[in-house]
Amino acid sequence: MGINIVFTLSGTDRVGIVDEITSSLLELGGNIETSRMARLSGEFAVLMLVSIPSDKQDELQKTETDLISRGYKVTTTLTNQAGNLAYQGWSPYRIEVHGADHEGIVHAIAHSFALKGINIENMDTGNTRAPNSGALLFTMNALVLVPPGLDVNLWQEELEIAGRNQHVDIVVTPGL
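Quantities reported herein were computed from a predicted structural model and do not represent experimental measurements. Here, residues in each chain are numbered from 1, in the same order as that chain's written sequence. In keeping with the predicted nature of the model, local features appear solely for residues at pLDDT of at least 70, side-chain atom pairs appear and are counted solely at 80 or more, and the whole-chain, interface and lining totals rest on all residues. Here the side-chain values reflect all heavy atoms present in the structure, with hydrogen atoms and water set aside.

Draft legend 1. Expanded view of the pairing of strand E7 (residues 136–146). Pairing of strand E5 (residues 91–100) with E7 involves 10 bridges; the strand directions are antiparallel. In the sheet register, Pro-92 faces E7, and the bridge partner there is Leu-145. Strand pairing follows a simple DSSP-based rule, namely that at least 2 bridges must link the two strands. Elements are defined by DSSP. Helices are runs of H or I of four residues or more, strands are runs of E of two residues or more, and each kind is numbered from the N terminus. Adjacent in sequence and paired antiparallel, strand E6 (residues 119–129) and E7 are bridged by six residues, among which Gly-134 carries a positive phi angle near 80 degrees.

If you want it as structure tokens, here you go:
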């Protein structure tokens, strides 16, 4: 029987980080279930759901200590298996946001979701330069789960208001 852990790591970006981390986890008999990894400026960040054999928990602590001694910031958190059932019956929606980049966009959108009890499953944000003007453009892609019984028109209308207030376009698509 295995356990699931959320494994996070950040450190100065360099070639070979993913190889080093995954090798350490593989030595424990670990399997990466889900992961997100990104270079953020000069840093590299890792977020993973990893399953490991139950009898390897002590060795996991040693692996964490070893990675920290190499200069990484590392956390491991045992997951709550019941958490997988928390959002059963909730409706998934894809959210896309585009517009000129400025402070507060992520907060405004997240606040709109929080007010209605909508859960953010995942969210990716970024920015690029507009081809002609060079202006900074913001993009967000998210998957949210909407509670059963929540009026779709009501929460989408409030999300549109948040988008207008932030001067961004929002596209909502039902389903995964």
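Draft legend 2. Highlighting the environment of Leu-143. Tracing the backbone shows Leu-143 in strand E7. Three exposure classes are used, based on accessible area relative to the maximum for each residue type with a 1.4 Å probe and protein chains only: buried under 20%, partly exposed in between, and exposed over 50%. The class of Leu-143 is buried, set by a relative accessible area of 8%. The spacing of Leu-143 and Ile-52 is 91 residues in sequence and 27 Å in space, taken between C-alpha atoms. By definition in these notes, contact holds between two residues if any of their heavy atoms fall within 4.5 Å. Once residues lying within four places of it in the same chain are set aside, the contact partners of Leu-143 are Pro-92, Tyr-93, Arg-94, Asn-119, Ile-120, Glu-121, Asn-122, Gly-175 and Leu-176.

Draft legend 3. Structural detail: the sheet that holds strand E4 (residues 73–78). The strand order across the open sheet formed by four strands is E2-E3-E1-E4, and the pairing between neighbours is antiparallel. Of all strands in the sheet, those with a lone pairing partner are strand E2 (31–40) and E4, marking the two edges. Taking the axes of each pair of neighbouring strands and ignoring which way they run, one obtains an average angle of 15 degrees across the sheet. Note that E2 and strand E3 (residues 43–53) share nine bridges and pair antiparallel. Within E3, the position partnered with Thr-34 by the bridge is Leu-49. Contacts from helix H1 (residues 17–27) reach strand E1 (2–12), E2 and E3 within the one sheet, and its direction differs from that of E3 by about 20 degrees. To obtain each axis, a line is fitted to C-alpha atoms, and for helices this fit is confined to the stretch in contact; angles are then taken between N-to-C directions over 0 to 180 degrees. Set on the sheet, helix H2 (residues 57–69) makes contact with E1, E3 and E4; between it and E4 the angle comes to about 160 degrees.

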